[in-house]
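Now for the letters of each chain:
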Amino acid sequence: MKLLYRDEHLAVVDKPSGLLVHRGWGDDERVALTEARDLLGAYLYPVHRLDRGTSGALAFALTEAAASALHRAFEGGGVEKRYLALVRGVAPAEGLVDHPIPRREGGPRVPARTAFRLVGASPVERCSLVEARPETGRLHQVRRHLKHLNHPVLGDANYGKGALNRHYRDAFGLARLALHAASIAFAHPLTGAPLFVEAPVPPDLAGPLAALGLGCFV
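A. Quick look at the overall build of the chain. When you go through the chain residue by residue, the secondary structure sums to five helices and 12 strands. The C-alpha radius of gyration of the chain comes to 17 Å, within 12% of the 17 Å expected for a compact globule of 218 residues. Each principal axis of the C-alpha distribution contributes one length, and for the chain these read about 50 × 35 × 35 Å. Split into buried and exposed, the 218 residues of the chain put 48% on the buried side. Where the 27 positive side-chain charges of the chain centre and where its 22 negative ones centre are 5 Å apart.

B. Geometry of the environment of V110. The residue V110 is located in strand 8 (residues 109–110) in this model. When neighbours within four sequence positions are excluded, V110 is seen to be in contact with P100, I101, R103 and R138.

C. Structural view of the nonpolar core. The biggest cluster of nonpolar side chains holds 42 residues, and the ones touching the most others in it are L86 and V153. The dominant element in this core, judged by the number of residues it contributes, is strand 5 (residues 80–88), at five residues. Counting residues in hydrophobic clusters, the runner-up holds 17 residues, among them L10, V47, F74 and V79.

D. Looking closely at unusual backbone geometry. For H140, which is not glycine, the phi torsion reads 55 degrees and is therefore positive. Its location among the elements puts H140 in the loop between strand 10 (127–134) and helix 3 (141–148). Within the chain, N150 stands out as a residue other than glycine whose phi angle is a positive 70 degrees. Tracing the chain through its elements places N150 in the loop between helix 3 and helix 4 (162–172). Since its relative accessible area comes to 48%, N150 is described here as partly exposed.

E. Spotlight on the environment of L118. Residue position: L118 is located in strand 9 (residues 113–121). For L118, a relative accessible area of 25% puts it in the partly exposed group. Discounting residues that sit within four places of it in the chain, L118 has contacts with V90, A91, P92, A93, S128 and L129.

F. Structural detail: the side chain of S122. Checked against the element boundaries, S122 lands in the loop between strand 9 and strand 10. The class of S122 is buried, set by a relative accessible area of 11%. Looking at S122, its side chain comes within polar contact range of the main-chain nitrogen of E125, at 3.2 Å.

G. Up close: the side chain of D7. Take D7: it is sitting in the loop between strand 1 (2–6) and strand 2 (10–15). Among buried Asp, Glu, Lys and Arg side chains, D7 stands out as unpaired, with R6 the closest opposite charge at 7.2 Å. One polar contact links the side chain of D7 to the main-chain amide nitrogen of L10, over a distance of 2.9 Å. For D7, the contacting residues outside a window of four places in its chain are L62 and H188.

H. Spotlight on the packing of aromatic side chains. Counted according to the given criterion, the structure contains three aromatic pairs. Ring geometry for Y43 against Y45: centres 5.0 Å apart, planes inclined by 80 degrees, an arrangement best described as edge-to-face. Overall, Y43 belongs to the exposed group, its relative accessible area being 51%. Under the relative-accessibility criterion, Y45 is labelled partly exposed at 23%. Plain terms: the ring middles of Y168 and F172 are 5.6 Å apart, the flat faces sit at 35 degrees to each other, and that makes the pair tilted.

I. Region of interest: helix 3. For helix 3, the tally of buried residues reaches six of eight residues, placing the bulk of the element in the interior. Packed against the buried residues of helix 3 are strand 5, strand 6 (94–98), strand 7 (101–102), strand 9, strand 10 and strand 11 (179–187). Directly beyond the C-terminal end of helix 3, a positive phi value near 70 degrees is found at N150.

Calculation notes
Residues numbered from 1 in each chain as written. Predicted model: local features only at pLDDT ≥ 70, side-chain atom pairs only at ≥ 80, totals over all residues. Heavy atoms only, no water. Helix = DSSP H or I, 4+ residues; strand = E, 2+ residues; numbered from the N terminus. Rg over C-alpha atoms; globule rule 2.2 N^0.38 Å. Buried < 20%, exposed > 50% of the residue type's maximum accessible area, 1.4 Å probe, protein only. Lys, Arg positive; Asp, Glu negative; His and termini not counted. Charge placed at Lys NZ, Arg CZ, Asp CG, Glu CD. Contact = heavy atoms within 4.5 Å. Core = buried A, V, L, I, M, F, W, Y, C linked by side-chain atoms within 4.5 Å. Polar contact = N/O pair within 3.5 Å; in protein donor to acceptor, adjacent residues only side chain to side chain. Salt bridge = Lys/Arg side-chain N within 4 Å of Asp/Glu carboxyl O. Phe/Tyr/Trp six-rings, centres within 6.5 Å; stacked < 30°, edge-to-face > 60°.

If you want it as structure tokens, here you go:
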């Protein structure tokens, strides 16, 4: 795990794929919250989540005041989130998915919107790289909305096809969920200054993208 940004109020780290944010979502001994606390040497407050398989920019607050403000920002749509997803098939050039999904497992469906655009299509396989910008924060929102478009994220055991996932693992080395939180942007919770943090695409995703002829886009 790498530190992307830190000040006295908040920090943003680069979460690897395969790591839960905290133990409340599983029984894992190794989670992002404890690793980030060890990295920073400070008590941290989780303010949003990334799925276990998703890599990328993950924010934590260092104070109660910052935690409260960031919770409101994430819940109220005050955070611009940009994801990169490798999906099955060639996605449309751009669009908006407006399809209700639950906030949490077993909960009622609520409004959810994700804007997307095609970044590039693979010249060697029928797949494509998509940029997704969720306007709301729901359970597995980007994954569910891309599946709703009939372009599920490759490597997704929940919403994809096992045989196809195995093909991309064996042929292109994709052994993870092909979803990366590439950047987050929001007003600083204490100063109000604009803050933009990017997370580079990690090798376990960059390698397969390069093998698929999509490396020039990341």
